[in-house]
Structures are given as structure tokens and as C-alpha cells.
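Descriptive structure summary
Residues per chain are reported as follows:
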Amino acid sequence: MQKKQEKIDVGKNLEKVKHKIVVLSGKGGVGKSTISSNLALYLSRKGYKTGVLDSDIHGPSIPKIMGVEDEKGVMKNNLIQPIKTNEGLKIMSMGYLLPDKDSPVIWRGPMKMGAIRQLLGQVDWGELDYLIIDLPPGTGDEPLSIAQLLPDVDGVIIVTTPQDVALVSVRKSINFVRKLNLNVIGIVENMSGFTCPHCGKKVDIFKTGGGKKASEDFKIPYLGSIPLDPDIVEIGDSKEKMDIKNKSTEKSYIDFVENVERIVGGEK
């Protein structure tokens with residue numbers, strides 16, 4: 001990665017990107033990157049040109065989830081070329097720029113901000129209808145850098161799970177986003193119930209309804225509930241095409257994406 005960060009013009013590089021959506025969670029382990037990946041995938045399947053930026057410098061997971069973790073970023077015309085999936089998604093991640101998958105990134109704030117500036121401003125994103133920016137959990141360096149560097153953000157999607165410990169963090173995330181003067185597109189509740197594949201009984205392992213209550217308390221849109229599904233785990237751990245077999249789970253994702261599309265107002 002280059003050293004002269006001041007020459008990178010993020011706004012100019014992203015001028016052909018119509019919509020920029022940030023996906024945030026207050027804590028780890030809520031499935032945020034899975035939500036980001038499926039949001040991008042289903043937007044792509046609806047005919048939108050879509051890209052995904054994995055801005056988690058220390059623990060990039062989008063390449064693994066998308067089944068393209070063995071690729072490497074290459075330079076062309078002084079721009080890093082995003083990795084393209086079989087379905088046409090453009091993906092860029094710090095994971096593509098490391099010597100190998102096990103290499104740690106031991107950086108402080110200024111170096112991380114410089115890396116994010118390059119991922120936004122020196123990747124050949126080209127023309128996109130949607131760029132989905134998947135943030136690491138919490139409200140630290142990376143979210144602050146994105147807020148400072150990214151022009152014309154459509155808004156932020158906040159991912160939570162139903163239990164109380166996650167909702168404490170999501171409330172802080174909402175206030176964090178508002179203090180940065182960014183729009184909250186809405187809340188999506190992940191891991192919301194599990195339907196037994198053998199008997200068909202639904203079990204609320206992490207409770208349910210917490211995300212909807214938070215949306216009502218803060219008067220922001222509720223984007224939907226995504227259930228726990230073993231298919232999601234299998235897809236994330238394999239290199240197969242991301243097809244969800246459970247029709248109920250797939251409908252949950254489709255409804256979620258349509259809610260986002262309606263609020264943001266995507267045009268092909």
C-alpha cells in the first residue's frame with residue numbers, strides 16, 4: 001500500500017457509486033458480516049451493480065463468507081482491482097493485501113485510517129449502484145474513519161441480536177451514529193428464533209423482539225428479523241454458491257433487502 005495518503009481523493013474515486021450503506025454493530029458475534037454479505041448478494045440478484053468493502057482491518061471475514069478468500073489484490077493503472085465473485089459482486093478487503101491469511105495486522109489508529117482511505121480511494125470500484133461497507137464491531141477507529149472519509153453516505157444499518165446484552169450495545173451504536181450526523185437506515189435483528197428442522201417447532205434461543213423494541217424506542221425503521229439457520233453456517237464455511245435452502249430464511253432476507261431498497265431508493 002502506498003505511503004502518500006494525501007494524494008488519494010476518496011470523493012473522486014467514489015463519484016460513480018450511487019448509494020453507500022454502512023453496516024455497523026455495537027458488539028461482535030451478532031452476524032454483521034453475514035448480514036452485509038447477503039444484503040450485497042440479494043441486491044446484486046435484483047440487478048444492481050454492487051460492491052462490498054470489508055473495513056475490518058484486524059479480522060476481515062467477508063472473503064471467507066463470499067468464498068473468495070484465496071484471491072489476491074493486484075494493481076492496474078495505479079488502482080487496486082477488487083475481487084469479482086461468480087455473481088458479479090466486487091469485493092475488497094484487507095485480507096487480500098496481507099502476505100497470507102494468518103498474518104496479523106498490528107497497527108494503531110493513524111495507520112488504520114490510512115488503510116481505510118486507500119480501500120475507499122484507491123480501489124477501482126467503477127460504476128456501482130450500491131457499495132456496502134462492513135465495519136468491525138464497536139465504535140472505534142474504523143467507524144470514525146469511515147464517517148470522516150466517506151462522502152454522501154446514505155446511512156447506517158445497525159445489526160443486533162435479541163438478547164439484552166446486545167441491545168445495550170445497539171443503543172450506544174444508534175447514539176454514536178447520530179452524533180456523527182449520519183442517517184440511521186434502520187435496525188435488523190439477526191439470530192431471531194430457530195425452527196427445528198426435525199419437528200418444526202420454533203425456539204427463541206436468544207429471545208426475540210428486542211431489535212423491534214429498540215427501533216420503536218428510538219423511532220427508527222425496523223428492517224426485519226433473520227432467523228438462526230444451519231444453512232448460513234454451512235454457506236459461510238464453504239466455497240459453494242451462496243444459496244439458502246430454507247425458504248423461510250430466504251424470504252426473511254428478501255424482505256430485509258426490500259425494506260433497505262425502499263428506504264434508500266435504489267435506481268438501476
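Note that the structure is predicted; figures quoted are calculated from it, not measured. Each residue is numbered by its place in its chain's sequence as written, counting from 1. The predicted nature of this model means local features are confined to residues of pLDDT at least 70 and side-chain atom pairs, given and counted, to a pLDDT of 80 or more, with totals for whole chains, interfaces and linings taken over all residues. Derived side-chain values reflect all non-hydrogen atoms in the structure, with water molecules and hydrogen atoms excluded from consideration.

Each helix is a run of DSSP H or I of at least 4 residues and each strand a run of E of at least 2, with the numbering of both proceeding from the N terminus. Scanning the protein chain for helices and strands turns up 9 helices and 12 strands. Throughout, radius of gyration means the C-alpha value; the globule benchmark is 2.2 Å times the number of residues raised to the power 0.38. Against the globule reference of 18 Å for 268 residues, the protein chain gives a C-alpha radius of gyration of 18 Å, in line with a compact fold. Seen through its principal axes, the protein chain has C-alpha atoms that stretch 55 × 40 × 40 Å. Throughout this description, buried means an accessible area under 20% of the type-specific maximum (1.4 Å probe, protein chains only), exposed means over 50%, and partly exposed covers the range between. Put simply, the protein chain has 268 residues, and 53% of those count as buried. Long-range contacts, defined as pairs at least 24 residues apart, comprise 80% of the intrachain contacts of the protein chain with a sequence gap of at least 6. Accessible surface is estimated by sampling points in the Shrake-Rupley manner with a 1.4 Å probe; for residues, cover comes only from the protein chains shown. Accessible surface, the protein chain: about 12700 Å² in total, of which carbon and sulfur atoms supply 50%. Considering the protein chain, the positive charge centre built from 38 side chains and the negative charge centre built from 35 side chains are found 3 Å apart. Contact between two residues is taken to exist if any of their heavy atoms lie within 4.5 Å; hydrogens are not considered. Positive residues here are Lys and Arg, negative ones are Asp and Glu, while His and the chain termini are left out of the count. A charge is said to be at NZ when it belongs to Lys, at CZ for Arg, at CG for Asp and at CD for Glu.

Next up on the list: unusual backbone geometry. Backbone geometry at D152 places phi at a positive 55°, although glycine is not the residue there. Among the secondary structure elements, D152 is positioned in the loop between α5 (141-149) and β8 (155-160). Residue class for D152 comes out exposed when judged on its relative accessible area of 66%. If you check the backbone angles, M191 has positive phi at about 55° while not being a glycine. Its location among the elements puts M191 in the loop between β9 (184-189) and β10 (194-195). M191 gets classed as buried once you look at its relative accessible area, which sits at 18%.

Bringing the sheet that holds strand β5 (residues 83-84) into the picture now. Strands are treated as partners if at least two bridges between them are detected by DSSP. If you trace the 8 strands from one edge of the open sheet to the other, you get β5-β6-β2-β7-β1-β8-β9-β12, paired in mixed fashion. One side of each edge strand has no neighbouring strand; the edge strands of this open sheet are β5 and β12 (222-225). Where strand β2 (residues 50-54) meets strand β6 (residues 90-93), 4 bridges bridge the pair, whose relative direction is parallel. Among the inter-strand pairings, D54 is bridged to a residue of β6, identified as S93.

For an α-helix, the turn length of 3.6 residues means that residues three or four places apart are oriented alike. The complete set of buried residues in α5 reads E142, P143, S145, I146 and L149. Buried positions in α5, seen along its axis, are confined to an arc of 160° and lie on one side of it. Of the surrounding elements, those touching the buried residues of α5 are α1 (10-13), β1 (17-24), α4 (109-121), β7 (128-134) and α6 (164-179). Arc, as used here, means the arc of the directions from the helix axis to the C-beta atoms.

You can see I133 is positioned in strand β7. By relative accessible area, I133 is classed as buried at 0%. Along the backbone, I133 and F256 are 123 residues apart, and their C-alpha atoms lie at a distance of 17 Å. When neighbours within four sequence positions are excluded, I133 is seen to be in contact with K20, I21, V22, V23, L53, S55, I146 and L150.

Moving on to helix α7 (residues 210-218). For α7, the set of buried residues is G210, G211, A214, S215 and F218. All buried residues of α7 fall inside an arc of 140° around its axis, so they share one side. Residues of α7 that are buried in the fold lie against β8, α6, β9 and β12. Positive backbone phi, at 55°, marks K219, one or two positions downstream of α7.

Just distances and angles here, no functional claims.
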